[in-house]
Amino acid sequence: QVHLVDSGGGLVQAGGSLRLSCQASGRMFSSYNMGWFRQAPGKEREFVASISASGGSTNYAGSVQGRFTISRDNAKNSLSLQMNSLKPDDTAVYYCAARPVLGSNWSYWGQGTQVTVSS
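Residues numbered from 1 in each chain as written. Predicted model: local features only at pLDDT ≥ 70, side-chain atom pairs only at ≥ 80, totals over all residues. Heavy atoms only, no water.

Colleague: Lay out unusual backbone geometry with the relevant residues and their values.
Modeller: At asparagine 77, a residue that is not glycine, the phi angle is positive and equals roughly 55 degrees. Positive phi outside glycine occurs at serine 85, with the angle close to 50 degrees. The topology assignment puts serine 85 in the loop between β8 (78-83) and β9 (92-100). (Helix = DSSP H or I, 4+ residues; strand = E, 2+ residues; numbered from the N terminus.)

Colleague: Report on the pattern of salt bridges, specifying residues and quantitative values.
Modeller: Considering all chains together, one arrives at 3 salt bridges under this definition. The closest approach of N and O atoms between arginine 38 and glutamate 46, which form a salt bridge, is 2.6 Å. Its relative accessible area of 6% is what places arginine 38 among the buried residues. Residue aspartate 90 is joined to arginine 38 by a salt bridge in which the shortest nitrogen-to-oxygen separation is 2.9 Å. In this pair, aspartate 90 sits in the loop between β8 and β9 while arginine 38 sits in strand β4 (residues 32-39), placing the two residues 52 residues apart along the sequence. Here the two residues aspartate 90 and arginine 38 agree in accessibility, since each one is buried. Because the salt bridges share partners, they merge into one network encompassing Arg38, Glu46, Arg67 and Asp90. (Salt bridge = Lys/Arg side-chain N within 4 Å of Asp/Glu carboxyl O. Buried < 20%, exposed > 50% of the residue type's maximum accessible area, 1.4 Å probe, protein only.)

Below, the structure written as structure tokens:
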């Protein structure tokens with residue numbers, strides 16, 4: 001199992017930056033693909049970005065491509081999301097998630113961290 005703790009959210013003006021972090025505890029962090037999702041008020045949870053277990057492959061939602069960067073440090077069991085050029089539409093609760101390399105479901109989730117972008 002993997003236990004995930006999100007942090008780093010806050011209030012920022014449009015055009016600003018934030019860096020989210022996700023600390024994992026448990027075994028075999030490097031055996032999990034990792035991702036970030038977000039949920040805005042009244043909307044369904046949506047995919048933001050993902051990174052492979054080795055860190056060699058990343059994927060982004062079109063709405064954040066070129067503005068957000070996902071990264072991981074397997075030695076420190078940590079995941080990050082650097083968010084630049086933030087827009088009010090980025091306002092949401094952000095969640096990190098883990099998916100086993102040989103699995104198809106995002107099995108473990110952080111508690112979420114609030115990001116609010118003011119215009």
